[in-house]
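Chain and residue survey
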Amino acid sequence: MKIRKILPKDNQAIKEIIQASIVEHGAPKIGTAYSDAATQAMYEQYQKPRRTYYVLEIDGIVLGGAGIAPLDNYNGNVSELQKMYFKPEVRGKGYGKKLMMTCLKNAKELKFESVYLETMDNMYDAQGLYKHVGFQLLDGPLGDTGHFSCPVQMLLKF
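Predicted, not measured: the structure shown is a model, and the values here were computed from it.

1. Things to note about the sheet that holds strand β1 (residues 2-5)
Spatial ordering of the open sheet is given by β1-β2-β3-β4-β5-β7-β6, a layout of seven strands whose pairing is mixed. Both edges of this open sheet fall to β1 and β6 (136-137), since each of them pairs with a single strand only. Contacts from helix α1 (residues 11-24) reach β2 (52-58), β3 (61-70) and β4 (78-86) within the one sheet, and its direction differs from that of β3 by about 85 degrees. Against the sheet, helix α5 (residues 124-132) touches β4, β5 (114-119), β6 and β7 (152-157), its axis set at about 20 degrees to β7.

2. As for the pattern of salt bridges
Here the structure, examined in full by the defined rule, presents seven salt bridges. A salt bridge links E57 to R4, with the nearest nitrogen and oxygen atoms 2.8 Å apart. With E57 in strand β2 and R4 in strand β1, the pair connects residues that are 53 residues apart, well separated along the chain. Neither E57 nor R4 differs from the other in exposure class; each is buried. For R91, the salt bridge identified is with E24, shortest N-O distance 2.7 Å. Here R91 is found in the loop between β4 and α4 (95-109), whereas its partner E24 is found in helix α1, with 67 residues between them in sequence. One salt-bridge network, in which partners are shared between bridges, spans K2, R4, D10 and E57.

The rules behind the values
Residues numbered from 1 in each chain as written. Predicted model: local features only at pLDDT ≥ 70, side-chain atom pairs only at ≥ 80, totals over all residues. Heavy atoms only, no water. Pairing = 2+ DSSP bridges. Helix = DSSP H or I, 4+ residues; strand = E, 2+ residues; numbered from the N terminus. Contact = heavy atoms within 4.5 Å. Axes fitted to C-alpha atoms, helices over the stretch in contact; angles between N-to-C directions. Salt bridge = Lys/Arg side-chain N within 4 Å of Asp/Glu carboxyl O. Buried < 20%, exposed > 50% of the residue type's maximum accessible area, 1.4 Å probe, protein only.

Structure (structure tokens):
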């Protein structure tokens with residue numbers, strides 16, 4: 001298992017993982033990462049300042065990913081844990097926690113004060129992981145990510 005920064009060749013694999021996971025969980029395609037412009041060109045999106053996207057690779061195959069970026073349309077030093085999705089065969093094996101901890105370490109290195117995330121209400125395993133590492137539920141969204149179909153918002157303060 002290897003965690004590394006995204007490369008241009010990873011765009012299609014990550015796009016397919018994100019979109020398949022959203023469909024698998026019955027989430028709407030509009031108002032989620034499914035329809036984001038960033039999902040179409042992940043490598044390019046994460047070349048901007050204070051952004052990093054990591055992929056999980058096993059035997060040369062990309063099986064998941066997650067990233068850190070400044071929270072869109074928010075006045076403050078808050079990052080967002082973005083597009084954390086995995087193929088079903090690697091879920092529940094601890095890879096998600098390792099990847100998320102890599103992202104959180106990166107957020108600290110980039111001098112963010114906290115990390116925000118949005119998720120679906122039926123992604124119970126993901127919410128459990130987020131709570132386990134210290135994320136707290138919020139009463140509503142911060143900023144405006146365009147993910148109006150994601151009803152669960154959480155925040156981790158450093």
